Amino acid sequence: MTADHDSGTTAGCEPELSDGLKTFGAVLKALREAGGLTQEEFAPRVRYSAAYVAKIEQGKRFPPENLPGRAGEVLGPVAGQVLAAAARSLRRKAGLASWFLQWAGIEEEAITLYAYECRGIPGLLQPEGYIRAVFDRRLPPLSEQQFEQQVAARLERQALLSERPNTSFSFLVEQAVLERQLGGTEVTCGLIDNLLAQGSRRNVEILVMPLKQPDHSGIDGQMYLAETSSNSWFGYVEGHDSSTLLADPKVVSAMLQRYGKMRSQALSHEATVGLLKQMQGAL
């Protein structure tokens, strides 16, 4: 996605929420260590990756709803009850900033991830030059430290494409976003190179929606969709320092229908590659 709301850019409840996440993480770590387990031993028993557990313990990820129950099975019922109470307290404090943190957790464990962007290139597909061009234009301006932290955070998230080869990624991007040439010719060349490289992965689909498409089902704008390992679907939308995690099955079903329709309206894989190479040659 084009915004990283876990970077502290959302106003309001962020300081309180960040403190709460760190507290939850510290409690989880203490209970895990009291149970005599390392992160590498604990993670598979609660059916999450060690990297994901590490981020929860560091306060960088919102704990998924089923973590207390799974932890209780491993660490005992008392530990599960403590974590459940801590999670309830955390959710009562959660505001706008929490929505991205929850989505980030879903994104990291998803078995299917769909993204449609009409404003910018999805964050998972942005090369460093494009990322820097995006954050360089952020208003109000970022400090140098914030700037570098956000660039690093976005690059770190992109490891999902290589670390989750069994996850199916699909990205729909409007041609107009590419034609804009954000950051200039050199940045756009690097962007197209990256799209061609990432799109060659077996688990990654990148399709371009042509400039002219009278039968366009994306009038409602940008959206993200993810399927969890339990085959539940979630939706996510964001804009102007706000974001919303969508869990209502009816709402998410409508989003899935729209995404499926747009996939049929976009250029095919072969046509997308052809267009990208054509644009690359014209730069």
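Residues numbered from 1 in each chain as written. Predicted model: local features only at pLDDT ≥ 70, side-chain atom pairs only at ≥ 80, totals over all residues. Heavy atoms only, no water.

### Overview of the overall build of the protein chain
The helix and strand tally for the protein chain stands at 13 helices and six strands. Relative to the compact-globule value of 19 Å for 283 residues, the protein chain shows a C-alpha radius of gyration of 20 Å, a close match. Projecting the C-alpha coordinates of the protein chain onto the three principal axes gives extents of approximately 60 × 40 × 30 Å. Restricting the contact set of the protein chain to residue pairs at least 6 apart, pairs at least 24 apart contribute 77%. Element-wise, carbon and sulfur atoms account for 52% of the exposed surface of the protein chain, whose accessible area totals about 13300 Å². Computed over 29 positive and 33 negative side-chain charges, the separation of the two mean positions in the protein chain equals 3 Å. (Helix = DSSP H or I, 4+ residues; strand = E, 2+ residues; numbered from the N terminus. Rg over C-alpha atoms; globule rule 2.2 N^0.38 Å. Contact = heavy atoms within 4.5 Å. Areas by Shrake-Rupley, 256 points an atom, 1.4 Å probe, with all protein chains shown as cover. Lys, Arg positive; Asp, Glu negative; His and termini not counted. Charge placed at Lys NZ, Arg CZ, Asp CG, Glu CD.)

### Points about the side chain of Lys55
Along the chain, Lys55 falls in helix 3 (residues 50–57). Note on Lys55: relative accessible area 15%, which makes it buried. (Buried < 20%, exposed > 50% of the residue type's maximum accessible area, 1.4 Å probe, protein only.)

### Digging into the pattern of salt bridges
For the structure on display, the rule yields eleven salt bridges. A salt bridge links Glu108 to Lys55, with the nearest nitrogen and oxygen atoms 3.4 Å apart. Within this pair, whereas Glu108 is found in helix 6 (residues 96–109), its partner Lys55 is found in helix 3, the two being separated by 53 residues in sequence. Overall, Glu108 belongs to the buried group, its relative accessible area being 9%. With a closest N to O distance of 3.0 Å, Glu148 and Arg132 form a salt bridge. Linking Glu148 in helix 8 (residues 144–157) with Arg132 in helix 7 (residues 128–136), this pair joins segments that are 16 residues apart in sequence. (Salt bridge = Lys/Arg side-chain N within 4 Å of Asp/Glu carboxyl O.)

### What about the side chain of Glu57?
Looking at the secondary structure, you find Glu57 in helix 3. Within the structure, the side chain of Glu57 is placed 2.6 Å from the side chain of Arg32, a separation counted as a polar contact. Ignoring sequence-local partners within four residues, the contact set of Glu57 consists of Gly25, Ala26, Leu28, Lys29, Arg32 and Gln39. (Polar contact = N/O pair within 3.5 Å; in protein donor to acceptor, adjacent residues only side chain to side chain.)

### Side note on the packing of helix 7 against helix 8
Helix packing for two helices is described by the angle between their axes and how far apart those axes are. Two elements in contact, helix 7 and helix 8, have axes whose closest approach is 10 Å; the angle formed by their N-to-C orientations is 140°. By the angle class used here, helix 7 and helix 8 are oblique. Considering only the axes of helix 7 and helix 8, their crossing is right-handed. Residues Glu128, Ile131, Arg132, Val134, Phe135 and Asp136 of helix 7 touch helix 8, and the partners they reach there are Phe147, Glu148, Gln150, Val151, Arg154 and Leu155. Looking at the contact of helix 7 with helix 8 residue by residue, the classes come out as six nonpolar, one polar and five charged. (Axes fitted to C-alpha atoms, helices over the stretch in contact; angles between N-to-C directions. Parallel < 35°, antiparallel > 145°, perpendicular 65-115°, else oblique. Left-handed = near helix turned anticlockwise from the far one by under 90°. Nonpolar A, V, L, I, M, F, W, Y, C, P; charged D, E, K, R; others polar.)

### Brief notes about the confidence of the model for the protein chain
Summary statistics for the protein chain give a mean pLDDT of 89 and a share of 91% for residues scoring 70 or more. A low-confidence stretch, residues 5–16 stays under pLDDT 50, and its non-local contacts, those more than four residues away or across chains, total 26 contacts. (pLDDT = per-residue confidence, 0-100.)

### Quick notes on the packing of aromatic side chains
For the structure on display, the rule yields six aromatic pairs. On the numbers, 5.3 Å between centres and 80° between planes, the contact of Tyr48 with Tyr52 is edge-to-face. When its relative accessible area of 11% is taken as the criterion, Tyr48 is described as buried. Centroid distance Trp103 to Tyr236: 5.2 Å. Interplanar angle 15°. Geometry classified as stacked. Remark: Tyr236 occurs in strand 5 (residues 233–238) and Trp103 occurs in helix 6; sequence separation between them is 133 residues. Note on Trp103: relative accessible area 0%, which makes it buried. Clustering of aromatic rings is evident, with ring pairs tying together Trp103, Tyr224 and Tyr236. (Phe/Tyr/Trp six-rings, centres within 6.5 Å; stacked < 30°, edge-to-face > 60°.)

### A look at the sheet that holds strand 2 (residues 168–174)
Strand order across the open sheet formed by six strands is 3-2-1-4-5-6, with mixed pairing between neighbours. In this open sheet, the two strands that pair with only one neighbour each are strand 3 (204–209) and strand 6 (243–246). Ignoring strand direction, the axes of neighbouring strands in this sheet form an average angle of 10°. The sheet strands contacting helix 12 (residues 249–265) are strand 1 (112–117), strand 2, strand 3, strand 4 (223–227), strand 5 and strand 6, and the helix crosses strand 4 at an angle near 110°. (Pairing = 2+ DSSP bridges.)

### What to know about unusual backbone geometry
A cis amide bond links Leu139 with the next residue in sequence, Pro140, at an omega value of -5°. Counting through the fold element by element, Pro140 comes out in the loop between helix 7 and helix 8. Located in the positive-phi region is Arg47, a residue other than glycine, with phi close to 65°.

### Observations regarding the nonpolar core
When a protein is soluble and globular, its nonpolar side chains tend to lie buried together. Core analysis: the largest hydrophobic core is formed by 36 residues, its most contacted members being Trp103, Ile121, Phe169, Phe171 and Leu178. Ignoring sequence-local partners within four residues, the contact set of Leu178 consists of Ile121, Thr188, Leu191, Leu195, Val208, Leu276 and Met279. Core analysis: the second largest hydrophobic core is formed by 20 residues, Leu21, Leu67, Leu75 and Leu83 among them. (Core = buried A, V, L, I, M, F, W, Y, C linked by side-chain atoms within 4.5 Å.)

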